[in-house]
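Each chain, written out:
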Amino acid sequence: MRAVITVIGKDTVGILAKVSAICAEYNANIIDVTQTVMQDLFAMIMLAQIDKMKTDFTAFSQEMEALGKEQNLSIRVMHEDLFQSMHKI
Amino acid sequence: MINVNDILETIRMIQDENLDIRTITMGISLLDCIDADIDKACAKVYEKITRCAKDLVKVGEDIEREYGIPIINKRISVTPIAIVSAACNQSPVPFAKTLDKAAEAVGVNLIGGYSALVQKGFSAGDEALIRSIPEALACTTRVCSSVNIGSTKTGINLDACKLMGQVVREAAERTVDQKCFGAAKLVVFCNAPEDNPFMAGAFHGVGEPDCIINVGVSGPGVVRAAVAKYPDASISEIADVIKKTAFKITRMGQLVGTVASERLGVPFGIVDLSLAPTPAVGDSVAHILEEIGLEKCGTHGTTATLAMLNDAVKKGGVMASSRIGGLSGAFIPVSEDAGMIDAAKSGSLCIEKLEAMTAVCSVGLDMICVPGDTPADTIAAIIADEAAIGMVNFKTTAVRVIPAIGCDVGDELSFGGLFGSGPVMKLNSFSSSKFINRGGQIPAPLQSLKN
């Protein structure tokens, strides 16, 4: 299973490092990263393989949300299938 | 990799535009629980519901977390209780109490199916069940009731209309201390669908499998935001925008339904393609119509815009899922829609216009507060009018009016939560009693020579 991690908020130093540190800690393999800056809003999207994670999905996503709160960002972890089904025929 | 804009669009829909799955409803057949001994029958009903639905709430919450989509309600619909209770030959109220207890045990907020289907006449158990509805709704909190009084193939059972006029009034009278909420849990249908996941009208039809999962999607806010991006587009372009948006919303419902059915080990029934509003700001069907170009919902042009909206939602949704059913259309419940409440308060939206609107969309006169002194026969006549629209147009129509006991036009009933609050609306004060008291059956309409 692959998860899409989205980080949206004000651009600050070290966001990528912090998010990937959590991925590494839980053994979630980052497959792809893309980021854009729209005006002063930073949007980073990561695709991660989470089959071999050390924890369950809920704990991983809660950890990310907690980081988001701490950094004043919106961080969401969502199943890839949602985007595939909504935007592809 | 998936397109970045697509990802951000989805997140915006969920975060800012109130996109959600309105309900996952498990339909459970109770045909195998029938027993002449009511205690044994109730025990079987409780056992079956708690067995089939034991993981429903947990699976719903898991999907919510993994996919990041809010799933607002997890609910249950059951076989119309009149069929189950017919063998017992006594008041079916113990069934209502059992349903309430079972719903509480599995953690669902509403359970539908305290119902009877009497479009062509009353069979054993039907009349007893209908007469017990006010008591059943007053002594339970989670049970919802519905009665089908007409269909295109059978015509309209006017005796049942008369009876339902009394039952609706009594349901409100018995729950005056709860703001007449009993009547808000009671729907009177014409052409009732057997796989509807939405309350209060959900029941599990006898032609359905033993256990099934139906999903109801929502998203008026998403449609309004999409329309708002095209202020100068022609109405055909707007229809196209709505179609594309409905496609995305429905795909989400299809995905959630598929995953839920796999995890619960229960077949996937249908996606109900509905625009179901909530009283929250930005989640209103009336605001879509206003975004298209009406100063206030209810003014001239409302029926036309609503017809276009309803049709576009279906066209987009049908493409997105191979399993469409239920009510499928735009809902226009007055008390549950911030825009409708405003329109009714400002005098733009009246009951006659609402009736016209129900001819082109799902479902009917929904969540409308009427004066507390409205006679039962007038409520029966409202039901007959609405059923006639459904009967002639081969569509589902319903009536869920709430007689606001002790209140008059201009007052307001506030239910809270998703049920919102509604202004008491003015009705025509001339009597319909002679018509209603004639009784009998309005014959089924001709299906040719349509004009």
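Rules and cut-offs
Residues numbered from 1 in each chain as written. Chains lettered and ligands numbered in written order. Predicted model: local features only at pLDDT ≥ 70, side-chain atom pairs only at ≥ 80, totals over all residues. Heavy atoms only, no water. Helix = DSSP H or I, 4+ residues; strand = E, 2+ residues; numbered from the N terminus. Rg over C-alpha atoms; globule rule 2.2 N^0.38 Å. Buried < 20%, exposed > 50% of the residue type's maximum accessible area, 1.4 Å probe, protein only. Contact = heavy atoms within 4.5 Å. Lys, Arg positive; Asp, Glu negative; His and termini not counted. Charge placed at Lys NZ, Arg CZ, Asp CG, Glu CD. Salt bridge = Lys/Arg side-chain N within 4 Å of Asp/Glu carboxyl O. Buried area = accessible area lost by both parts, 1.4 Å probe. Polar contact = N/O pair within 3.5 Å; in protein donor to acceptor, adjacent residues only side chain to side chain. Domains from an automatic or database assignment. Axes fitted to C-alpha atoms, helices over the stretch in contact; angles between N-to-C directions. Parallel < 35°, antiparallel > 145°, perpendicular 65-115°, else oblique. Nonpolar A, V, L, I, M, F, W, Y, C, P; charged D, E, K, R; others polar. Core = buried A, V, L, I, M, F, W, Y, C linked by side-chain atoms within 4.5 Å. pLDDT = per-residue confidence, 0-100. Patch = residues over 30% accessible without salt bridge, like charges linked within 9 Å, V, L, I, M, F, W, Y side chains within 5 Å. Areas by Shrake-Rupley, 256 points an atom, 1.4 Å probe, with all protein chains shown as cover. Left-handed = near helix turned anticlockwise from the far one by under 90°. Phe/Tyr/Trp six-rings, centres within 6.5 Å; stacked < 30°, edge-to-face > 60°.

Participant: Even after reading the chapter, I still don't get the overall build of chain A, so can you show me in this structure?
Facilitator: Within chain A one finds three helices and four strands. Over its C-alpha atoms chain A spans a radius of gyration of 13 Å, differing by no more than 12% from the 12 Å that the globule rule assigns to 89 residues. Along the first, second and third principal axes, the C-alpha set of chain A runs to 35 × 35 × 20 Å. The buried share of chain A, taken over its 89 residues, is 44%. Considering only contacts in chain A between residues 6 or more positions apart, those separated by 24 or more positions represent 67%. When the 8 positive and 11 negative side-chain charges of chain A are each reduced to one mean point, those points stand 1 Å apart.

Participant: Before we go on, may I ask you to explain the pattern of salt bridges in this structure?
Facilitator: Side chains that carry opposite charge are capable of pairing whenever their charged atoms lie near each other. Residues and elements named next belong to chain B. This structure, assessed with the given rule, holds 24 salt bridges over all chains. With a closest N to O distance of 3.1 Å, Glu173 and Arg169 form a salt bridge. Of this pair, Glu173 and Arg169 both sit in helix α7 (residues 158–173), four residues apart, roughly one helical turn. A salt bridge links Lys244 to Asp240, with the shortest nitrogen-to-oxygen separation between them at 3.4 Å. Taken together, the positions of Lys244 and Asp240, both in helix α9 (residues 235–264) and four residues apart, correspond to about one turn of that helix. One network of salt bridges, in which partners are shared, links Asp20, Arg22 and Asp283.

Participant: Any chance you could explain the interface of chain A and chain B here in plain terms?
Facilitator: Many analyses report the size of an interface as the accessible area lost when the parts associate. On the side of chain B, 24 residues touch chain A, which itself brings 28 residues to the contact. Here chain A and chain B share an interface that buries about 2400 Å² over both sides, 73% of which is from carbon and sulfur atoms. If you sort the residues of chain A by the area they bury against chain B, Arg76(A), Met86(A) and His87(A) come out on top, with a joint share of 26%. At the boundary of chain A with chain B, the tally comes to seven residue pairs in polar contact (both at pLDDT 80 or more). Counting only elements with at least two residues in the side of chain A that touches chain B, the list comes to β1 (2–10), β2 (29–38), β3 (41–49), α2 (57–71), β4 (73–79) and α3 (80–87) of chain A. In terms of residue count, the dominant contributor to the side of chain A that touches chain B is α3(A) (eight residues).

Participant: I keep staring at the domain arrangement of chain B and nothing clicks. Help me out?
Facilitator: Residues and elements named next belong to chain B. When cut into domains, chain B gives domain 1 (25–190) and domain 2 (218–442). When each unit is reduced to the centre of its C-alpha atoms, the spacing between domain 1 and domain 2 is 22 Å. Counting residues at the interface gives 45 residues for domain 1, matched by 49 residues for domain 2. Summed over both sides, the interface between domain 1 and domain 2 buries roughly 3700 Å², with carbon and sulfur atoms accounting for 71% of that surface. Among the residues domain 1 hides against domain 2, the three largest losses belong to Ile156, Leu158 and Arg169. Together they make up 19% of the total.

Participant: Whenever I open this one, the packing of helix α8 (residues 220–228) of chain B against helix α10 (residues 285–292) of chain B confuses me. Can you help?
Facilitator: Any two packed helices are characterised by how steeply their axes cross, that is the angle between the axes, and by the distance between the axes. All names here are of chain B. Axis separation between α8 and α10 bottoms out at 8 Å; the angle between their running directions is 10 degrees. Our classification of the angle between α8 and α10 gives roughly parallel. Along the contact surface, α8 presents Pro220, Val223, Arg224, Val227 and Ala228, while α10 presents Val285, His287, Ile288, Glu291 and Ile292. For the contact of α8 with α10, the per-class residue count stands at seven nonpolar, one polar and two charged.

Participant: What is the right way to look at the nonpolar core in this model?
Facilitator: When a protein is soluble and globular, its nonpolar side chains tend to lie buried together. Met26(B), Ile28(B), Leu30(B), Ile49(B), Ile76(B), Ile149(B) and Leu309(B) are the most contacted members of the largest nonpolar core, which has 165 residues in total. Counting residues per element, this core draws most heavily on α9(B), at 11 residues. A domain-level breakdown of this core finds at least three residues from each of domain 1 (25–190) and domain 2 (218–442) of chain B. Setting aside its immediate chain neighbours within four residues, Ile149(B) contacts Val118(B), Gln119(B), Gly155(B), Ile156(B), Asn157(B), Ala160(B), Cys161(B), Met164(B), Val188(B), Phe189(B), Ile383(B) and Ala387(B). Judged by nonpolar contacts, the second largest core, of 22 residues, contains Ile15(A), Ile22(A), Phe42(A) and Met46(A).

Participant: Would you take a moment to explain the side chain of Ser145(B) for this structure?
Facilitator: All names here are of chain B. Secondary-structure assignment places Ser145 in strand β4 (residues 143–151). According to the relative accessible area criterion, Ser145 is buried, its value standing at 0%. At 2.6 Å, the side chain of Ser145 and the backbone oxygen of Tyr114 are in polar contact. The residues touching Ser145, leaving out its near neighbours within four places in the chain, are Tyr114, Ser115, Ile133, Leu137, Lys185, Leu186, Val187 and Ala200.

Participant: Before we go on, may I ask you to explain the confidence of the model for chain A in this structure?
Facilitator: Confidence in the prediction of chain A, expressed as mean pLDDT, is 88, and 100% of residues score 70 or more. Highest mean pLDDT in chain A belongs to β4(A) (91); lowest belongs to β2(A) (86).

Participant: I would appreciate a short explanation of a nonpolar patch on the surface in the present structure.
Facilitator: On the surface, a cluster of nonpolar side chains totalling about 280 Å² of accessible area is made up of Leu31(B), Ile34(B), Ile83(B) and Val206(B). Of the residues examined, Ile34(B) reaches a relative accessible area of 33% and is grouped as partly exposed.

Participant: I keep staring at the packing of α3(A) against α9(B) and nothing clicks. Help me out?
Facilitator: At their nearest, the axes of α3(A) and α9(B) sit 8 Å apart, and the two run at 135 degrees to each other. The pairing of α3(A) with α9(B) is recorded here as oblique in orientation. Crossing hand, α3(A) versus α9(B): right-handed. Listed contacts from α9(B) to Asp81(A), Leu82(A), Ser85(A), Met86(A) and His87(A) of α3(A) are Phe247(B), Lys248(B), Arg251(B), Met252(B) and Leu255(B). Among the residues forming the contact of α3(A) with α9(B), the class breakdown is five nonpolar, two polar and three charged.

Participant: Explanation requested: the confidence of the model for chain B in the structure shown.
Facilitator: A low pLDDT score tells you not to read the predicted coordinates there in detail. All names here are of chain B. Taken as a whole, chain B shows an average pLDDT of 93; of its residues, 100% reach a score of 70 or greater. At the level of individual helices and strands, chain B shows its lowest average pLDDT in helix α1 (residues 4–16), which scores 86, and its highest in strand β5 (residues 155–157), which scores 97. Scoring of the predicted complex yields 0.91 for pTM and 0.87 for ipTM.

Participant: Is there a simple way to explain the packing of aromatic side chains in this structure?
Facilitator: Here the distance between the centres and the angle between the planes together describe a pair of aromatic rings. Residue and element names in this part refer to chain B. Scanning the model with the defined rule gives four aromatic pairs over all chains in all. With 5.7 Å between their ring centres and 50 degrees between their planes, Phe181 and Phe415 make a pair best called tilted. Of this pair, Phe181 sits in the loop between α7 and β6 (186–190) while Phe415 sits in the loop between β11 (412–414) and β12 (421–423); the two residues are 234 residues apart in sequence, bridging distant segments of the chain. Phe415 matches Phe181 in its accessibility class, with the two residues each being buried. Here the aromatic rings of Phe198 and Phe331 are separated by 4.8 Å at their centres, their planes lie at 80 degrees, and the arrangement is edge-to-face.

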